Amino acid sequence: MIQNTFGIDKSWIDGGLDIELISNVMSIISEKRKDRTILPSKDDVLNAIKLTSLDNVKVLIIGQDPYPSAEHAHGLAFSSLSTKTPASLKNIFKKLKEDYPEGKYESNTLTEWEKQGVLLLNTALTFEGKDLKLLKEHTQLWEPVIKNIFEVLIKRNKTLIVMRWGNYAQKIGECFDNKPNIYPLDTTHPSPFSARNGFLTCNHFKKSDEILGKDKICWDT
């Protein structure tokens, strides 16, 4: 039996997370690291499921791939280690400041969201360079793991808000449609190319508050 050596909370394992599957993919990534630069670092790859327990997850935000720079990437979708705010995150903060003007939003590192139960999950947990062929390779490699995580979230039958920003997130997140206690919220991606076509007027954060009530997220980072 494969041991959980990744620091993942036991509740994920108890809920059906396939550690053997994760271990196999991580081994493949380790081989790639021998002659390629893979982002994020080994310790950060699984941060999305390390920094919050399965029992604690209230909101899932679906991303696509890590930032293509070690300055930013640390295993959480849209979150950045840098003091320079990435373009999509700027629009996320812009919407938050409109909805909650008292918020400060001083940190680009969204670990406080994770700790509150916001699962910031990219569908490719690793990436290298900016070659779309390589992105496809990594996405396919992680696809069984992401599907497993989605299945675990659905199976627990607890309230879950799924923010699907953009066509890609909506397509891969179709499995959450018509499920008990799951609330999919769809709009455009927060990138500068599409944010004005829906994201900046989507009110997803306010809708999340309404659904969660007293268990709502404090979005001020």
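Our subject is the structure that appears above.
Digging into the overall build of the protein chain
For the protein chain, the helix and strand inventory stands at eight helices and four strands. Tracing the protein chain from N to C terminus, the helices and strands come up as α-α-α-β-α-α-β-α-β-α-β-α. Taking 2.2 N^0.38 as the reference for a compact globule, 221 residues should give roughly 17 Å; the C-alpha atoms of the protein chain span a radius of gyration of 17 Å, in line with that estimate. The proportion of buried residues among the 221 residues of the protein chain is 51%. The long-range share in the protein chain, meaning contacts at least 24 apart out of those at least 6 apart in sequence, stands at 66%. Considering the protein chain, the positive charge centre built from 30 side chains and the negative charge centre built from 29 side chains are found 3 Å apart.

Focus: the pattern of salt bridges
Tallied over the entire structure, the rule returns 13 salt bridges. Between Lys95 and Glu98 there is a salt bridge; the shortest N-O distance is 2.9 Å. Taken together, the residues Lys95 and Glu98, both in helix α4 (residues 87-99) and three residues apart, mark about one turn of the helix. Here Glu98 falls in the exposed class, since its relative accessible area comes to 55%.

Looking at the layout of surface pockets
Of the volumes computed, that of the largest pocket is approximately 620 Å³. In this structure, the largest pocket is lined by 33 residues; those nearest its centre are Gln64, Asp65, Phe78, Ser88 and His189. Those elements that place two or more of their residues in the lining of the largest pocket are β1 (59-63), α4, α6 (132-155) and α7 (167-172). Looking at the lining of the largest pocket residue by residue, the class counts come to 19 nonpolar, twelve polar and two charged.

Some thoughts on the packing of helix α2 (residues 19-33) against α6
The interhelical angle for the contact between α2 and α6, taken along N-to-C directions, is 160 degrees, at an axis separation of 10 Å. As far as their axial angle goes, α6 and α2 are roughly antiparallel. For the crossing formed where α2 meets α6, the hand is left-handed. Along its contact with α2, which presents Leu21, Ile22, Val25, Met26, Ile28, Ile29 and Lys32, the element α6 presents Glu137, His138, Leu141, Trp142, Pro144, Val145 and Asn148. Looking at the contact of α2 with α6 residue by residue, the classes come out as ten nonpolar, two polar and two charged.

Regarding the sheet that holds strand β4 (residues 182-187)
Strand order across the open sheet formed by four strands is β2-β1-β3-β4, with parallel pairing between neighbours. On the outer flanks of this sheet lie β2 (118-122) and β4, each paired with one strand and no other. Looking at each pair of strands side by side, their axes are set apart by 20 degrees on average, direction ignored. Pairing between β1 and strand β3 (residues 160-165): three bridges, direction parallel.

Describing the pairing of β4
Sheet analysis places β3 next to β4, joined by six bridges and oriented parallel. Its bridge partner being in β4, Arg164 is matched across the sheet by Asp186. For the handedness criterion, the β-α-β arrangement of β3, α7 and β4 is classed as right-handed.

Basis of the calculations
Residues numbered from 1 in each chain as written. Predicted model: local features only at pLDDT ≥ 70, side-chain atom pairs only at ≥ 80, totals over all residues. Heavy atoms only, no water. Helix = DSSP H or I, 4+ residues; strand = E, 2+ residues; numbered from the N terminus. Rg over C-alpha atoms; globule rule 2.2 N^0.38 Å. Buried < 20%, exposed > 50% of the residue type's maximum accessible area, 1.4 Å probe, protein only. Contact = heavy atoms within 4.5 Å. Lys, Arg positive; Asp, Glu negative; His and termini not counted. Charge placed at Lys NZ, Arg CZ, Asp CG, Glu CD. Salt bridge = Lys/Arg side-chain N within 4 Å of Asp/Glu carboxyl O. 1 Å grid on protein atoms, 1.4 Å probe; cavity = no way out; pocket = protein on both sides within 12 Å on 5 of 7 lines; lining within 4 Å. Points joined across faces, edges and corners; volume = space filled by probe spheres on them. Nonpolar A, V, L, I, M, F, W, Y, C, P; charged D, E, K, R; others polar. Axes fitted to C-alpha atoms, helices over the stretch in contact; angles between N-to-C directions. Parallel < 35°, antiparallel > 145°, perpendicular 65-115°, else oblique. Left-handed = near helix turned anticlockwise from the far one by under 90°. Pairing = 2+ DSSP bridges. Right-handed = clockwise from strand over helix to strand, strands pointing away.

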